[in-house]
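Residue-level listing of the chains:
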Amino acid sequence: MSDERSYKPDWAPEDGGDAFAVKVMRGIEGGHDGLPSGRIEGSGSRISKRRQRLDTEDYVDGVLHNHRPILARTITLIESNCAEHYDQAREVLAQLQPRAGRSIRVGITGVPGAGKSTLIEALGLHLVHQGHKVAVLAVDPSSSVTGGSILGDKTRMEKLSQQENCFIRPSPSGGTLGGVTRKSRETILVCEAAGYDVILIETVGVGQSEITVRSMVDFFLLVMISGAGDELQGIKKGVIEIADALLVNKADGANKIKAQVACAEYAMALKYLTPATRGWETRALTCSAITGEGVSEVWDMIREFREITGESGMFAQRRKEQAMAWVYSMIEDYLRETFYRNGDVRGLLSSLEGKVLDGSVLPTTAAEELLKVFYRSPVK
Ligand SMILES: Nc1nc2c(ncn2[C@@H]2O[C@H](COP(=O)(O)OP(=O)(O)OP(=O)(O)O)[C@@H](O)[C@H]2O)c(=O)[nH]1
Ligand SMILES: [Mg+2]
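Predicted model only: the values in this text are computed from it and were never measured.

Undergrad: Quick rundown of the confidence of the model for the protein? Include the residues and the values.
TA: For the protein, per-residue confidence averages 82 on the pLDDT scale, and residues scoring 70 or more make up 75% of the total. Segment residues 1-7 is flagged for pLDDT under 50; beyond a separation of four residues in sequence, or across chains, it makes 4 contacts in the model. Note that pLDDT drops below 50 for residues 20-45; the model gives that stretch 41 contacts with residues more than four away or on any other chain.

This is the structure we're talking about:
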């Protein structure tokens, strides 16, 4: 191919040459955001018929006008692992930041199959009909392992995804949980700047992910289903303690009574736990995401929460604390990454590993040696 060079992705290294394993093949004309290539219409924004590179102003302008293809591309820019995109992503975010923050951020967790996506579809439609603009995001720590995405099943939100005032973004795939969540936090800001006033974040209940999502939302909802036997069995107390409400879903048909009994048991158990949010008593309620019964009550509760915590100052205080926690987690991510990428550390680590394993070097000594090498290393 004579013009092969021009078909390389823009993140391919300059000196990648033929040996560089990635190249873009000619395929169907079209953009990855589902739009025909080169035909991005500017809905009030100044984005023209350009498809290729957008400059910072294009991104910012597109997001502020809620130009959905540009919004999607901005999130893709933020999610990019390519060093070349970092600076532009940071610049775009810095310009959008003053317009972000005006939303309620709701985290929704629960075991696989509890009905989170179905609930988001029902709740999202309810909100859109009330005039809200809803963004749905996913945090999926397992996606780096399975290569999948919990919102891959967009069919569960078929009606919602067709709504003008709704934007659904599946989980960024790949990367550590830390990387995924850094991007999720930034994605929240971008959606807010685009005017979405309710952000719903789905995460699957696998331990660490709930804690991480709790640290980026205002209201945290735990979706549960009634099972046989002791209702509290198998549900980690720790997750209940960070929830602002427990929602027993699938309260319909033959399951309705069982769900109500389970809900009453949870309500009793909650009396003995410290609420997740000061000034707000964690509630237990039932709903059916399929019939829609109880869904509007979920929203009424979230509104009440917003009002109460807004008046008490708790809402603003939590957001401030979350901003600082974000700073610390970014620093930790950065330090960890720099440490393990360091050539001297890597060399020593591989030689020390065997010695720690066979017991000839103490773990403490190994750790000290590695840190010493890191601090002395000229390349950071
Ligand atoms: N009867 C009944 N079924 C429901 C209800 N909500 C969800 N389901 C069903 O439960 C199954 C799982 O629903 P999802 O919404 O995909 O559950 P999820 O929690 O998002 O699952 P993951 O994303 O895989 O963790 C689907 O077959 C739904 O139709 C409900 O309120 N009542
Ligand atoms: Mg789901």
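Undergrad: Talk me through the sheet that holds strand E1 (residues 104-110); I want residue IDs and the actual numbers.
TA: Overall, parallel pairing links the 7 strands, which are arranged E3-E2-E4-E1-E5-E6-E7 in an open sheet. The open sheet has two edge strands with one neighbour each: strand E3 (166-169) and strand E7 (283-286). Within the sheet, the average angular offset between the axes of one strand and its neighbour, ignoring direction, is 20°. Running over the sheet, helix H4 (residues 116-129) touches E1, strand E2 (134-139), E3, strand E4 (198-203) and strand E5 (219-224) and is turned about 175° from E4.

Undergrad: Help me get a handle on helix H10 (residues 256-270), residues and values and all.
TA: Across its 15 residues, H10 extends 21 Å between first and last C-alpha, which sits within 8% of the 21 Å expected from 1.5 Å per residue. Listed in full, the buried residues belonging to H10 are Ala-259, Ala-262, Cys-263 and Tyr-266. When H10 is viewed along its axis, its buried side chains cluster within an angular range of 105° and face the same direction. Facing away from the buried side of H10 by over 90 degrees, the exposed positions are Ile-257 and Met-268. Contacts from the buried residues of H10 go to strand E6 (245-248) and E7.

Undergrad: Please provide a residue-by-residue account of the site of ligand 1, values included.
TA: Taken together, 17 residues surround ligand 1, and among them Pro-112, Gly-115, Lys-116, Ser-117 and Thr-118 come closest. Ranked by the residues each element gives to the shell around ligand 1, the list is headed by H4, at 3 residues.

Undergrad: Describe in detail the nonpolar core, supporting the description with residues and values.
TA: Counting residues in hydrophobic clusters, the biggest one holds 67 residues, and the most contacted among them are Val-106, Ile-199, Leu-221 and Leu-247. When residues of this core are assigned to domains, at least three fall in each of domain 1 (28-97) and domain 2 (100-315). Residues contacting Leu-221, with those up to four places away along its chain left out, are Val-106, Gly-107, Ile-108, Ala-243, Asp-244, Ala-245 and Leu-247.

Undergrad: Tell me about the pairing of E4, and please be specific about residues and values.
TA: Among the 6 residues of E4, 6 are classified as buried, and the element is accordingly described as predominantly covered. Where burial is concerned, the two faces of E4 agree: the one with Val-198, Leu-200 and Glu-202 and the one with Ile-199, Ile-201 and Thr-203 are both buried. Relative to E4, E1 runs parallel, the two sharing 5 bridges. Bridge assignment links Gly-107 to a residue of E4, and that residue is Ile-201. Taken together, the 6 bridges between E2 and E4 define a ladder with parallel strand orientation. In the strand pairing of E4, Ala-135 is matched with Ile-199.

Thresholds, definitions, all that
- Residues numbered from 1 in each chain as written.
- Chains lettered and ligands numbered in written order.
- Predicted model: local features only at pLDDT ≥ 70, side-chain atom pairs only at ≥ 80, totals over all residues.
- pLDDT = per-residue confidence, 0-100.
- Contact = placed C-beta atoms within 7 Å.
- Pairing = 2+ DSSP bridges.
- Helix = DSSP H or I, 4+ residues; strand = E, 2+ residues; numbered from the N terminus.
- Axes fitted to C-alpha atoms, helices over the stretch in contact; angles between N-to-C directions.
- Expected span 1.5 Å × (residues − 1).
- Buried ≥ 20, exposed ≤ 12 C-beta atoms within 10 Å, placed from the backbone.
- Arc of directions from axis to C-beta.
- Near = placed C-beta within 6 Å.
- Core = buried A, V, L, I, M, F, W, Y, C linked by C-beta atoms within 7 Å.
- Domains from an automatic or database assignment.

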